[in-house]
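# A look at the structure
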Amino acid sequence: MIAEDSWRLTVRMDALRLRAQMIQAIRRFFQDQDFLEIETPLRIPAPAPESHIDAVVAGAWFLHTSPELCMKRLLAAGYSRIFQICKCFRAGERGDRHLPEFTMIEWYRGGADYRTLMDDCEALINTVAREIGLDDVVSWQGRRIGLKAPWERISVRDAFARYATISVAEALRTDRFDEILACEVEPHLGMEIPVFLYDYPVEQGALARVKEADPGIAERFELYIAGMELANAFSELIDAGEQRRRFEEASRDRRRKGSPVYPMPERFLQALPRMSPSAGIALGVDRLVMLLADKSRIDDVVAFTPESL
Amino acid sequence: MFTASDLRKGLRIKIDNDPYIVTEFNFVKPGKGQALYRCKLRNMINGNQFERTFRSVDVFDEADLQEKKMSYLYKEEGKYCFMDNLSYEQVFLNEDQVGEAKNFLLDNIEAEILLFEDRPLGISLPNFIDVIVTKADPWAKGDSVSGNTKPVTVQTGYQLQVPPFIEEGEKIRIDTRSGEYLTRVKG
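Residues numbered from 1 in each chain as written. Chains lettered and ligands numbered in written order. Predicted model: local features only at pLDDT ≥ 70, side-chain atom pairs only at ≥ 80, totals over all residues. Heavy atoms only, no water.

Here we come to the nonpolar core. Core analysis: the biggest nonpolar cluster contains 50 residues, and Trp107(A) and Leu291(A) have the highest contact counts within it. Looking at which element gives the most residues to this core, the answer is helix H4 (residues 114-131) of chain A, with eight residues. Setting aside chain neighbours within four positions, we find Trp107(A) in contact with Phe30(A), Phe35(A), Ile82(A), Phe83(A), Leu117(A), Asp120(A), Cys121(A), Leu124(A), Ala279(A), Gly280(A), Ile281(A) and Leu283(A). Counting residues in each nonpolar core, the second largest holds 30 residues, with Val98(B), Leu125(B), Val131(B) and Val162(B) among its members. (Core = buried A, V, L, I, M, F, W, Y, C linked by side-chain atoms within 4.5 Å. Buried < 20%, exposed > 50% of the residue type's maximum accessible area, 1.4 Å probe, protein only. Helix = DSSP H or I, 4+ residues; strand = E, 2+ residues; numbered from the N terminus. Contact = heavy atoms within 4.5 Å.)

What follows is the structure in structure tokens.
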């Protein structure tokens with residue numbers, strides 16, 4: 001048992017070295033552009049009420065599911081370029097690409113919208129790949145993916161039309177949006193070059209700004225490489241009334257499903273009117289390591305999984 | 001009662017009154033979206049396989065499976081008859097249900113019979129059995145060309161490869177999971 005444990009940890013050494021290099025490269029990338037590195041508390045009294053994200057209880061409070069609410073309070077106070085590399089916690093999420101405790105890089109830009117963040121992603125991942133000695137092609141599980149910018153951009157509506165058996169409207173009507181996205185669309189995304197899947201139905205972007213030209217669409221994108229979801233970005237919603245309404249809707253949805261209902265994040269809602277138009281994004285560090293280290297399971301890029309503790 | 005978050009490889013659940021075993025399992029979740037539990041399931045009665053994606057709100061009954069110790073009695077018209085050691089009740093299994101275990105059915109051998117609502121589904125034997133070799137070519141001492149093994153037949157009719165020094169009438173131990181020779185048994 002002891003010998004096996006040492007062996008298990010030793011075989012991960014290369015991936016863990018790469019991981020450490022990548023985290024340093026990420027940090028440098030943001031420091032070089034005058035982003036301020038921030039640490040916000042992991043334990044908070046009120047996580048953002050979202051229909052499908054469950055928080056881990058920590059005493060009378062919760063472990064954050066992302067640093068979003070605290071970081072936006074900083075934005076509202078006038079900080080305009082901030083980033084954070086931290087652990088996030090989501091109850092019940094465990095699979096080949098999920099750990100209930102995982103590492104996220106989250107960054108915000110005041111005065112920008114989600115399109116600027118697409119450029120950031122292209123620059124960030126190319127920089128990190130270069131710094132660990134990869135050129136602009138990454139090999140993942142026998143597949144070669146070109147990293148050279150610009151990357152592909154496809155709207156959710158067009159991606160469903162191209163890859164899914166039913167339209168977005170039909171998927172929403174039958175409550176199968178996530179299922180069709182995960183099973184029929186995602187496996188095709190980013191197989192040759194990375195893909196930004198953008199412009200989500202408004203009900204799929206709880207903290208995102210609505211598109212001016214189309215009130216049914218939220219300015220949100222997800223980055224996919226090799227069929228793997230790597231990042232989620234919004235042009236941030238800054239209308240506090242609208243944000244409260246969406247949180248209440250999510251809370252009702254949670255109550256209906258029998259999920260725990262969280263307190264309203266009042267301080268965040270009070271700060272929101274002072275926030276200028278901004279864009280924010282969270283990128284899964286573990287998955288980026290999986291991609292650049294050519295590992296198929298998230299287990300292979302962390303020292304310990306919950307099962308090994 | 002199980003919920004979708006209990007799903008894992010090997011779990012046995014009841015769907016439309018049939019027992020199913022989860023043969024493959026994966027947790028999938030778009031970051032902001034619903035958790036999805038993608039499973040491959042095999043019907044434990046007819047062997048049919050299918051794929052299905054479950055959600056966290058889905059619930060399942062446990063397949064009411066029992067294992068009972070029973071003794072092998074006889075085979076008749078393609079049916080294998082076993083008797084419950086406690087109730088003396090008899091059950092019949094077909095060739096498919098018995099599978100590879102048919103090679104090791106010694107008279108009165110005690111097996112675990114898997115039952116679903118009193119219907120037999122399958123059998124598991126002890127991992128090791130001792131059997132008598134009923135047919136073997138004599139050991140040609142010094143015959144190095146003949147290789148390291150030779151075929152023999154044991155009392156159940158099963159044929160396997162054994163070391164050349166095993167003689168007719170000797171007792172050997174077989175691993176019933178692999179069907180392979182393990183060792184010679186003295187006495």
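That was the structure; now back to the text.
Turning next to the domain arrangement of chain B. All names here are of chain B. If you check the domain split of chain B, you get domain 1 (2-62), domain 2 (65-124) and domain 3 (128-185). The C-alpha-based centres of domain 2 and domain 3 are spaced at 26 Å. The interface of domain 2 with domain 3 comprises five residues on the first partner and nine residues on the second. Buried area between domain 2 and domain 3, summed over both chains or domains, comes out near 560 Å², and the portion from carbon and sulfur atoms is 80%. The three residues of domain 2 that bury the most area against domain 3 are Asn103, Phe104 and Leu106, which together make up 88% of that side's buried surface. The interface formed by domain 2 and domain 3 includes zero salt bridges. The interface formed by domain 2 and domain 3 contains one residue pair in polar contact (both at pLDDT 80 or more). (Domains from an automatic or database assignment. Buried area = accessible area lost by both parts, 1.4 Å probe. Salt bridge = Lys/Arg side-chain N within 4 Å of Asp/Glu carboxyl O. Polar contact = N/O pair within 3.5 Å; in protein donor to acceptor, adjacent residues only side chain to side chain.)

Moving on: the environment of Ala15(A). Mapped onto the fold, Ala15(A) is located in helix H2 (residues 13-31). The sequence separation of Ala15(A) and Val302(A) amounts to 287 residues, and the corresponding C-alpha distance is 8.1 Å.

What follows is about the packing of aromatic side chains. The tally for this structure, following the rule as stated, stands at 18 aromatic pairs over all chains. Here the aromatic rings of Phe196(A) and Phe221(A) are separated by 5.1 Å at their centres, their planes lie at 85°, and the arrangement is edge-to-face. Taken together, the residues span a long stretch of sequence, with Phe196(A) in strand S10 (residues 195-201) and Phe221(A) in strand S12 (residues 214-225) at a distance of 25 residues. Here Phe196(A) and Phe221(A) have matching classes, each one buried. Plain terms: the ring middles of Phe104(B) and Tyr158(B) are 4.9 Å apart, the flat faces sit at 65° to each other, and that makes the pair edge-to-face. Highlighted residues: Phe104(B) in the loop between helix H1 (95-98) and strand S10 (110-116) and Tyr158(B) in the loop between strand S13 (150-154) and strand S14 (159-162), separated in sequence by 54 residues. An aromatic cluster of three or more residues is present, and its members are Phe29(A), Phe30(A), Phe35(A), Phe83(A) and Trp107(A). Here the guanidinium or amino end of Arg220(A) rests over the ring plane of Tyr200(A), the centre of that ring lying 4.0 Å away. (Phe/Tyr/Trp six-rings, centres within 6.5 Å; stacked < 30°, edge-to-face > 60°. Lys NZ or Arg CZ within 6 Å of the ring centre and 35° of its normal.)

The next point concerns unusual backbone geometry. Along the chain, Ala149(A) connects to Pro150(A) via a cis peptide bond; the corresponding omega equals 0°. You can see Pro150(A) is positioned in the loop between strand S8 (143-146) and strand S9 (152-155). Positive phi, normally seen in glycine, also occurs at Asp175(A), with a value near 55°. Along the polypeptide, Asp175(A) turns up in the loop between helix H6 (168-173) and helix H7 (177-185). A positive phi angle, near 45°, is found at Asp16(B), a position not held by glycine.

Time to look at the interface of chain B and chain A. In this assembly, 13 residues from chain B lie in contact with 23 residues from chain A. Both faces considered, chain B and chain A share a buried interface measuring about 1,600 Å² in area, 51% of it formed by carbon and sulfur atoms. The three residues of chain B that bury the most area against chain A are Phe27(B), Lys29(B) and Lys32(B), which together make up 40% of that side's buried surface. Taken together, the links from chain B to chain A amount to four salt bridges. Glu179(A) is the salt-bridge partner of Arg55(B), the closest N and O atoms lying 3.6 Å from each other. Across the chain B-chain A interface, the total number found is eight residue pairs in polar contact (both at pLDDT 80 or more). Of all the elements in the fold, those that place two or more residues in the side of chain B that touches chain A are strand S3 (18-28), strand S4 (36-43) and strand S5 (49-55) of chain B. In terms of residue count, the dominant contributor to the side of chain B that touches chain A is S3(B) (three residues). Residues that form the side of chain B that touches chain A fall into these classes: four nonpolar, five polar and four charged. (Nonpolar A, V, L, I, M, F, W, Y, C, P; charged D, E, K, R; others polar.)

Residue and element names in this part refer to chain B. Pairing is antiparallel across the open sheet formed by five strands, whose spatial order is S9-S8-S7-S10-S11. A single partner strand is all that each edge strand has here, and the edge strands are strand S9 (90-93) and strand S11 (119-124). For this sheet, the mean angle separating the axes of adjacent strands, direction not counted, is 45°. Pairing of strand S7 (residues 65-76) with strand S8 (residues 79-84), which is carried by six bridges, proceeds in the antiparallel orientation. The partner of tyrosine 74 across the bridge, within S8, is cysteine 81. (Pairing = 2+ DSSP bridges. Axes fitted to C-alpha atoms, helices over the stretch in contact; angles between N-to-C directions.)

Residues and elements named next belong to chain B. Where S7 lies against S10, seven bridges are found, and the strand directions are antiparallel. When the bridges of S10 are listed, methionine 70 appears paired with alanine 111. Here S7 folds back onto S8 in antiparallel fashion, the turn holding two residues, of which glutamate 77 has a positive phi close to 50°.

A word on helix H10 (residues 285-293) of chain A. With nine of its nine residues buried, H10(A) lies for the most part within the structure. Among all positions of H10(A), only Val285(A), Asp286(A), Arg287(A), Leu288(A), Val289(A), Met290(A), Leu291(A), Leu292(A) and Ala293(A) are buried.

This brings us to the sheet that holds strand S2 (residues 43-44) of chain A. With antiparallel pairing, the three strands of this open sheet are ordered in space as S2-S4-S3 (chain A). A single partner strand is all that each edge strand has here, and the edge strands are S2 and strand S3 (56-58) of chain A.

For the rest of this paragraph, the subject is the packing of H2(A) against H10(A). Residue and element names in this part refer to chain A. Put simply, H2 and H10 touch, their axes get as near as 10 Å, and they point 120° apart. As summarised for this structure, H2 and H10 are arranged oblique, according to the angle between their axes. In this structure, the crossing between H2 and H10 has a hand that is right-handed. Side by side, H2 and H10 meet where Ala15, Leu18, Arg19, Met22, Ile23 and Ile26 of the first sit next to Val285, Asp286, Leu288, Val289, Leu292 and Ala293 of the second. (Parallel < 35°, antiparallel > 145°, perpendicular 65-115°, else oblique. Left-handed = near helix turned anticlockwise from the far one by under 90°.)

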